[in-house]
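Geometric and topological summary
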Amino acid sequence: MTTQEQIFGHWNQLKGKIKESWGQITDDDLLDLEGKFDQLVGLIQDKTGEGRQKVERALHELGESAAEASDGMRGYVEDVGETVSAAVEHTRELAEESYEQAQELMRRRPAEAVAVAFGTGLLMGVVVGLAVRSR
């Protein structure tokens, strides 16, 4: 069973679950109750007419559910972070490999590399010139 500290450790998730479970409870009702277990139980009792033990049991269950959801989300975020890191590393390796291939090509065939660079520059100049002129 969860402790009161564990319940309030996931307060934002718990607030949503409280509002789902007891529709009579509003954000304004919950505004100043973080960490005040007895007052929270009293509020829910006043709004719903349910007994103290039932409310406490429900809050403990909701606290466990909020903790599980938070842990699941944390794991998901960590997995996404690892996937993004792996993708960045793979992209970096591909860029380094392409750069090395371009350098090697320039060493082996400098005249062709200069001709390709000149042709590419000329083509880009024509395209940009036409684009500027058409505006």
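Our structure's up above, just so we're on the same page.
Criteria and thresholds
- Residue positions are counted from 1 within each chain, in the order its sequence is given.
- Totals for whole chains, interfaces and linings use all residues, but because this is a predicted model, local features are given only for residues with pLDDT of at least 70 and pairs of side-chain atoms are given and counted only at 80 or more.
- Water and hydrogen atoms play no part in the side-chain values, which are based on all heavy atoms of the structure.
- Think of it this way: any DSSP run of H or I at least four residues long counts as a helix, any run of E at least two long counts as a strand, and we number them from the N terminus.
- A helix is expected to span 1.5 Å for every residue after the first.
- Throughout this description, the term nonpolar core refers to a set of buried Ala, Val, Leu, Ile, Met, Phe, Trp, Tyr and Cys residues connected via side-chain atoms within 4.5 Å.
- Think of it in three bands: residues with accessible area under 20% of the maximum for their type are buried, residues over 50% are exposed, and the middle band is partly exposed, with areas taken using a 1.4 Å probe on protein chains only.

Take helix α4 (residues 37-48) next. Taking 1.5 Å of rise per residue, the twelve residues of α4 would be expected to cover 16 Å, and the 16 Å separating its terminal C-alpha atoms lies within 8% of that figure. Following α4 by one or two positions, Gly49 has its phi on the positive side, about 80°.

Next up on the list: the nonpolar core. By size, the foremost hydrophobic cluster in this structure holds 15 residues, and its most contacted members are Ile18, Trp22, Ile25, Leu30, Leu40, Ile44 and Leu59. Tallying contributions element by element places α4 first for this core, with five residues.

Along the chain, Gln103 turns up in helix α5 (residues 52-108). For Gln103, a relative accessible area of 29% translates into the label partly exposed.

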